[in-house]
Amino acid sequence: MTSANNPPDDGYHLDTRAIHAGQDPDPSTGAIMTPIYQTSTFVQSAPAEHQGYDYSRSGNPTRTALEALIASLEGGRHGLAFASGMAAIDTVLRLFDPGDHIVVGSDVYGGTYRLFERVLARYGLRFSWVDLSDLAATRAAITPETKLLWLETPTNPLMGLADIAALAALLPEGVLLGVDNTFASPALQQPLLLGADIVMHSSTKYLGGHSDVVGGLLALNDDELVERLRFLQNAVGAVPGPMDCFLTLRGIKTLGIRMARHSSNALAIAQFLEDHTAVQRVIYPGLQSHPQYELAVRQMRGFGGMISIILASEPAARQMVSRTKLFALAESLGGVESLIEHPHSMTHASTATSPIAVPAELVRLSVGIEHVNDLIADLRAALA
Ligand SMILES: *Cc1c(COP(=O)(O)O)cnc(C)c1O
């Protein structure tokens, strides 16, 4: 959606698009901020004659602005907004039929594992969990029934990377590549430009950025695929309300500067933790000790705010997460405030008895944008 006063995105940098794309001033009032169209329905001049909107499950102008914005940020033609990240993933998976096969990276968000194996498997979808850093194993997992390769990079919570361009290149015609880009955000990584077909976000995290809204987004290029997804979005109905879309639009305006600060804070903290004797291992893509550091440098424009560390024991991990003061003990991530958690008993408890269970000694940090010295002092005290 562009007008004479708000020229097309082409040529603008991401930081500029984050503030302007999809967000023309309101044509009737000039309001510079996108209005919250808090309405369920729209008056029609004659049956089926309207101004582009008939019912807010099918479409709402505040949502349209957010959908245009995510498309622009990901370098795609189309965007779709959902009530949560899980609703976005679920809608993608409804493209498929019983008997269809999906290859999934073996380190994913616990809720994704739960949706795939405990809900969608009951409807006849079949899943194979594969270490995507092993390209030969990934190729071997693809069968004639395979319709989708679904991955996260960096992964939640083990911070493993997948080589998006290499995986896109090895997929046969007809197998879609879907990338959960929640941890990086489009400020650090744009999977569509590397060959992915669908990019997904839990906008609850870095895009919203302020821990005040739950949401999900998709971005893609294919005109036929977006029609199928729009049909499902309306038919299934897991759409966000206008207020949630407004909060997400508002949060995204500062995405560029937030991600730069998250990344610089996290790098300094990862280096501090790597030198700390109580920490056995620090897993952060921006450290040269990360096994895929070269790929991180090639694929990402910054390394983000998420750090995982391995402590000596589960009690040590539980003690650390209970002792920080600035790092709040909570699930979720990607907000301006720092969070800390124990994935084994919290976010990833649903994988505890599965092949993709996470170590009990693992602690996950979501590094916020507070002053880095205060954050390091908090961690130093908690580890003492
Ligand atoms: C949080 C998260 C999700 C799920 O998103 P919700 O908005 O909580 O439904 C999916 N993938 C990743 C990587 C996440 O961190």
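Residues numbered from 1 in each chain as written. Predicted model: local features only at pLDDT ≥ 70, side-chain atom pairs only at ≥ 80, totals over all residues. Heavy atoms only, no water.

## Here we look at the overall build of the chain
(1) Moving on: A tally of regular secondary structure across the chain gives twelve helices and twelve strands.
(2) Moving on: With the C-alpha coordinates of the chain rotated into their principal frame, the extents come out at 70 × 50 × 35 Å.
(3) Moving on: Per-residue burial over the chain gives 55% buried out of 384 residues.
(4) Moving on: A fraction of 70% describes how many contacts in the chain between residues 6 or more apart in sequence connect residues 24 or more apart. (Helix = DSSP H or I, 4+ residues; strand = E, 2+ residues; numbered from the N terminus. Buried < 20%, exposed > 50% of the residue type's maximum accessible area, 1.4 Å probe, protein only. Contact = heavy atoms within 4.5 Å.)

## Focus on the pairing of strand 12 (residues 362–366)
(1) Moving on: Most of strand 12 is tucked away: five of the five residues are buried.
(2) Moving on: On strand 12, burial covers both faces: Leu-362, Arg-364 and Ser-366 on one face and Val-363 and Leu-365 on the other are all buried.
(3) Moving on: One ladder, built from five bridges, connects strand 9 (residues 306–311) with strand 12; its direction is antiparallel. Directly across from Ile-309, in strand 12, lies its bridge partner Val-363. (Pairing = 2+ DSSP bridges.)

## Side note on unusual backbone geometry
Among all residues save glycine, negative phi is the norm, and among peptide bonds the norm is trans.
(1) Moving on: Between Thr-153 and Pro-154 the backbone carries a cis peptide bond, its omega angle lying at -5°.
(2) Moving on: Along the chain, Pro-154 turns up in the loop between strand 4 (146–152) and helix 6 (164–170).
(3) Moving on: Backbone torsion omega between Asn-156 and Pro-157 reads 10°, so that peptide bond is classified as cis.
(4) Moving on: In this structure, Pro-157 sits in the loop between strand 4 and helix 6.
(5) Moving on: The backbone of Ser-332 shows a phi angle near 80°, a positive value even though the residue is not glycine.
(6) Moving on: Its place among the elements puts Ser-332 in the loop between strand 10 (328–329) and strand 11 (339–341).
(7) Moving on: We classify Ser-332 as partly exposed; its relative accessible area is 26%.

## Brief notes about the domain arrangement of the chain
(1) Moving on: Along its sequence, the chain is organised into domain 1 (14–252) and domain 2 (255–383).
(2) Moving on: For domain 1 versus domain 2, the distance between C-alpha centres works out to 25 Å.
(3) Moving on: Buried area between domain 1 and domain 2, summed over both chains or domains, comes out near 3300 Å², and the portion from carbon and sulfur atoms is 61%.
(4) Moving on: Scanning the region where domain 1 abuts domain 2 turns up one salt bridge.
(5) Moving on: Put simply, Asp-163 and Arg-298 hold a salt bridge, and the shortest N to O gap is 3.4 Å.
(6) Moving on: Between domain 1 and domain 2 we count 19 residue pairs in polar contact (both at pLDDT 80 or more) in total.
(7) Moving on: Among the secondary structure elements, those contributing two or more residues to the side of domain 1 that touches domain 2 are helix 4 (110–119), helix 6 and helix 8 (242–252).
(8) Moving on: Ranked by residues supplied to the side of domain 1 that touches domain 2, first place goes to helix 4 with four residues. (Domains from an automatic or database assignment. Buried area = accessible area lost by both parts, 1.4 Å probe. Salt bridge = Lys/Arg side-chain N within 4 Å of Asp/Glu carboxyl O. Polar contact = N/O pair within 3.5 Å; in protein donor to acceptor, adjacent residues only side chain to side chain.)

## Thoughts on the side chain of Asp-180
(1) Moving on: With respect to the helices and strands, the residue Asp-180 is situated in strand 5 (residues 176–180).
(2) Moving on: Nearest to the buried, unbridged Asp-180 among oppositely charged side chains is Lys-205, at 7.4 Å.
(3) Moving on: At 2.6 Å, the side chain of Asp-180 and the side chain of Thr-182 are in polar contact. (Lys, Arg positive; Asp, Glu negative; His and termini not counted.)

## Quick notes on the packing of helix 3 (residues 85–93) against helix 4
(1) Moving on: Running from N to C, helix 3 and helix 4 point in directions that differ by 35°, and their axes come no closer than 11 Å. Where helix 3 crosses over helix 4, the handedness of that crossing is right-handed. Residue-level inspection shows Met-86, Ile-89, Asp-90 and Leu-93 of helix 3 in contact with helix 4, the latter providing Gly-111, Thr-112, Leu-115 and Phe-116. (Axes fitted to C-alpha atoms, helices over the stretch in contact; angles between N-to-C directions. Left-handed = near helix turned anticlockwise from the far one by under 90°.)

## Section: the pattern of salt bridges
(1) Moving on: Summed over all chains, the structure comprises eight salt bridges.
(2) Moving on: A salt bridge links Arg-318 to Glu-314, with the nearest nitrogen and oxygen atoms 2.9 Å apart. Highlighted residues: Arg-318 and Glu-314, both in helix 11 (residues 314–323), separated by four residues, approximately one helical turn.

## Some remarks on the packing of aromatic side chains
(1) Moving on: Tallying each qualifying case throughout the model produces six aromatic pairs.
(2) Moving on: Between Phe-42 and Tyr-53 the ring centres are 5.5 Å apart and the planes differ by 35°, which places this aromatic pair in the tilted class. Residue Phe-42 is located in the loop between helix 1 (14–20) and helix 2 (61–73), and its partner Tyr-53 is located in the loop between helix 1 and helix 2; the two are separated by eleven residues in the primary sequence. Across this residue pair, the class does not change: Phe-42 and Tyr-53 are buried.
(3) Moving on: Judged by centre distance (6.3 Å) and plane angle (35°), the rings of Tyr-293 and Phe-303 are tilted. Pair noted here: Tyr-293 is in helix 10 (residues 293–299) and Phe-303 is in the loop between helix 10 and strand 9, with a separation of ten residues, a long-range link. Here the two residues Tyr-293 and Phe-303 agree in accessibility, since each one is buried.
(4) Moving on: Among the aromatic residues, those joined into a ring-pair cluster are Tyr-113, Phe-116, Phe-127 and Trp-129. (Phe/Tyr/Trp six-rings, centres within 6.5 Å; stacked < 30°, edge-to-face > 60°.)

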